[in-house]
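Letter by letter, the chains look like this.
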Amino acid sequence: GRAPHPLVISSSTEDDGESSGRGLLAREGMSEGELMMTIPLDLCLTRAVSQRIFGKSIVPDFTDEYIAIALLLMHEKIKGTESLWKPYIDILPKPEDVYPSFIWTEAELDMLKGSPTYFASISLRNKVEREY
């Protein structure tokens, strides 16, 4: 059947006139609080799914949810066209598109010294290194 509010995935969205990147948009007006869609939990990438695929010895309960999902995404990316997630993976931004500060060189990070972003970047880098 036809969804009550047809949706479209856009690679260019705006929020209050400012670019907000990729997003899911309703093609029709909606009321606040109105259900837009439902997604079955078994179709979601979660730590539990990662544990089911890799086992709790690889993805223990204390593993950060984002790390567990990243592991799933790498696994699915390797599967290529055999992956149910290929269309989603294909629209994810590449590192060079977002160039996150936690992968910057020390010289690049030094330009942020004195700002909260410097400490946030160092903290995130340390977290990724610890959990990876």
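Below or above, wherever it landed, is the structure these notes cover. Everything numeric in this text was worked out from a predicted model, so none of it was measured.

In this section: the pattern of salt bridges. Using the criterion set out here, one finds 7 salt bridges in the structure. Residues Lys86 and Asp90 are paired through a salt bridge, measuring 2.7 Å at the closest nitrogen-oxygen approach. Placement of the pair is Lys86 and Asp90 together in helix α3 (residues 86–91), with a separation of 4 residues, close to one helical turn. You can call Asp90 partly exposed: its relative accessible area is 45%. The salt bridge partner of Glu106 is Arg125, with a shortest N-O separation of 2.5 Å. Highlighted residues: Glu106 in helix α5 (residues 106–110) and Arg125 in helix α6 (residues 116–131), separated in sequence by 19 residues. Looking at Glu106, the relative accessible area reads 46%, which means it is partly exposed. We classify Arg125 as buried; its relative accessible area is 13%.

If you check helix α2 (residues 65–79), its first and last C-alpha atoms are 21 Å apart, about what 15 residues at 1.5 Å a residue would give, namely 21 Å. Of all the positions in α2, only Ala68, Leu72, Leu73 and Glu76 are classed as buried. Within α2, the buried residues cover an arc of 140° as seen down the axis, which keeps them to one side. Opposite the packed face of α2, turned more than 90 degrees from it, sit the exposed residues Tyr66, Lys77 and Ile78. In this structure, the buried residues of α2 make contact with α1 (47–54) and α3. Structurally, the start of α2 carries an N-cap: the backbone nitrogen of Tyr66 is 2.8 Å from a side-chain oxygen of Asp64.

How each quantity is defined
- Residues numbered from 1 in each chain as written.
- Predicted model: local features only at pLDDT ≥ 70, side-chain atom pairs only at ≥ 80, totals over all residues.
- Heavy atoms only, no water.
- Salt bridge = Lys/Arg side-chain N within 4 Å of Asp/Glu carboxyl O.
- Helix = DSSP H or I, 4+ residues; strand = E, 2+ residues; numbered from the N terminus.
- Buried < 20%, exposed > 50% of the residue type's maximum accessible area, 1.4 Å probe, protein only.
- Expected span 1.5 Å × (residues − 1).
- Arc of directions from axis to C-beta.
- Contact = heavy atoms within 4.5 Å.
- Polar contact = N/O pair within 3.5 Å; in protein donor to acceptor, adjacent residues only side chain to side chain.

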